[in-house]
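Descriptive analysis of the structure
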Amino acid sequence: MKSVDKAARLFVCVAQKDEIGRDVAKALKQELKTQGLKTRLLDGEKRKVRVQTCNCLDLCKQCKKGAGAALIIYPEGVTYGDVRPRDAAEIVREHLGEGRVVKRLQLD
Ligand code: FES
């Protein structure tokens, strides 16, 4: 039986705003490297953190509100909206590093 990949994942929507979504994903990857958070401890297990682009996350209402991209972080299932590349450092540091949701970007 194939083992389950227990990586933590960040999915960045590129359905409406391809360029900004890709730039956000790139900035997140760079920050994971810079901040040394390519792995994180979850439920006592060390897990890889993967950033992926994806199609619509069904958060389109929020996508249309600003120039930034929407993203979701698993396994928490926390969604963020209007995210710009400049927000990547804070999301990586606060959410992935400290386990604190970035309230100013969180979607309901
Ligand atoms: S187009 Fe971004 S969530 Fe649907």
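Refer to the preceding data block for the structure.
The structure reproduced in this document is the subject of the present report. (Residues numbered from 1 in each chain as written. Predicted model: local features only at pLDDT ≥ 70, side-chain atom pairs only at ≥ 80, totals over all residues.)

**As for helix α1 (residues 18–34)**
To be explicit about the condition: Counting from the N terminus, the helices are DSSP H or I runs at least four residues long and the strands are E runs at least two residues long. Multiplying 1.5 Å by the residue count of a helix minus one yields the expected span of that helix. Here a residue counts as buried when 20 or more other C-beta atoms sit within 10 Å of its C-beta, as exposed when there are 12 or fewer, and as partly exposed otherwise, the C-beta atoms being derived from the backbone. Of all possible arcs, the one meant is that of the directions from the helix axis to the C-beta atoms. Contact criterion: two residues are in contact if their C-beta atoms, reconstructed from the backbone, are within 7 Å.
Compared with an ideal rise of 1.5 Å per residue, which puts 17 residues at 24 Å, α1 spans 24 Å between its outermost C-alpha atoms and is within 8% of the ideal. What α1 keeps buried is the set I20, G21, V24, A25, A27, L28, E31 and L32. Summarising the axial view, the buried residues of α1 lie within an arc of 165 degrees, below the 170-degree limit, and thus occupy one face. Relative to its buried face, α1 has exposed residues pointing more than 90 degrees away, namely D18, E19, K33 and T34. The inward-facing, buried residues of α1 contact β1 (8–13), β3 (45–54), β4 (69–74), β5 (78–83) and α3 (88–98). Among the residues trailing α1, G36 stands out with phi positive, at a value near 65 degrees.

**Some remarks on unusual backbone geometry**
Trans peptide bonds make up most of the peptide bonds, and negative phi angles are found at most residues other than glycine. The amide bond that connects Y74 to the next residue, P75, takes the cis arrangement and shows omega of 15 degrees. For D58, which is not a glycine, the phi torsion comes out positive at approximately 65 degrees. Phi is positive for D82, close to 55 degrees, though the residue is something other than glycine. You can see D82 is positioned in strand β5. Classification of D82 by C-beta neighbours within 10 Å gives partly exposed; the count is 17.

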